[in-house]
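# A look at the structure
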Amino acid sequence: MLNKPLVRTTIEIEPYLLYHAKLKALEENKTLRDVFTESLKKYCFGKINVQGSPKKNPQVKIGGYNLGGIKGNLNRKNIYADLKQLNSL
């Protein structure tokens, strides 16, 4: 694990989860901290690579519809001209 700044927190989990997390740590010769860190990375970011940093998710393309482009001649000059006409009424 790299020497990154860590934060300390307290969590409440069901006893059977803690038991199985400890078993997993023993089976893989890891610390409980490593098991929780890897699990949270998998949960938050998806699969993790060998170094333990999260893989970048592929960029999602969001589709849309061409509604025919911009119609009319709306610009700042026309808007202010219309406001002057409304204020003069």
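Residues numbered from 1 in each chain as written. Predicted model: local features only at pLDDT ≥ 70, side-chain atom pairs only at ≥ 80, totals over all residues. Heavy atoms only, no water.

Together, Ile79, Tyr80, Leu83, Leu86 and Leu89 line one region of the surface with nonpolar side chains, adding up to about 560 Å² of accessible area. For leucine 89, the location among the structural elements is in the segment after α3 (76-88). Under the relative-accessibility criterion, leucine 89 is labelled exposed at 84%. (Patch = residues over 30% accessible without salt bridge, like charges linked within 9 Å, V, L, I, M, F, W, Y side chains within 5 Å. Areas by Shrake-Rupley, 256 points an atom, 1.4 Å probe, with all protein chains shown as cover. Salt bridge = Lys/Arg side-chain N within 4 Å of Asp/Glu carboxyl O. Helix = DSSP H or I, 4+ residues; strand = E, 2+ residues; numbered from the N terminus. Buried < 20%, exposed > 50% of the residue type's maximum accessible area, 1.4 Å probe, protein only.)

What follows covers the layout of surface pockets. One number sums up the size of the second largest pocket: a volume of about 270 Å³. What lines the second largest pocket is a set of 13 residues, and nearest its centre among them are Ala21, Lys24, Val35, Phe36 and Ser39. Counting residues per element, the lining of the second largest pocket draws most heavily on helix α2 (residues 32-45), at five residues. (1 Å grid on protein atoms, 1.4 Å probe; cavity = no way out; pocket = protein on both sides within 12 Å on 5 of 7 lines; lining within 4 Å. Points joined across faces, edges and corners; volume = space filled by probe spheres on them.)

Because an α-helix packs 3.6 residues into every turn, residues spaced three or four apart end up facing the same way. Given a rise of 1.5 Å per residue, 13 residues ought to cover 18 Å, and the 18 Å separating the end C-alpha atoms of helix α1 (residues 15-27) matches this to within 8%. A positive phi of about 55 degrees marks asparagine 29, the residue just after α1. (Expected span 1.5 Å × (residues − 1).)

Bringing the confidence of the model for the protein into the picture now. Summing up the model confidence of the protein, the mean pLDDT is 77 and the portion of residues at 70 or higher is 70%. When mean pLDDT is taken per element in the protein, α1 scores highest with 91 and α3 scores lowest with 74. (pLDDT = per-residue confidence, 0-100.)

Once that is clear, we can look at unusual backbone geometry. In this model, asparagine 29 sits at a positive phi of 55 degrees, which is unusual for a non-glycine residue. Mapped onto the secondary structure, asparagine 29 falls in the loop between α1 and α2. Relative accessible area serves as the criterion here: at 74%, asparagine 29 is assigned to the exposed category.

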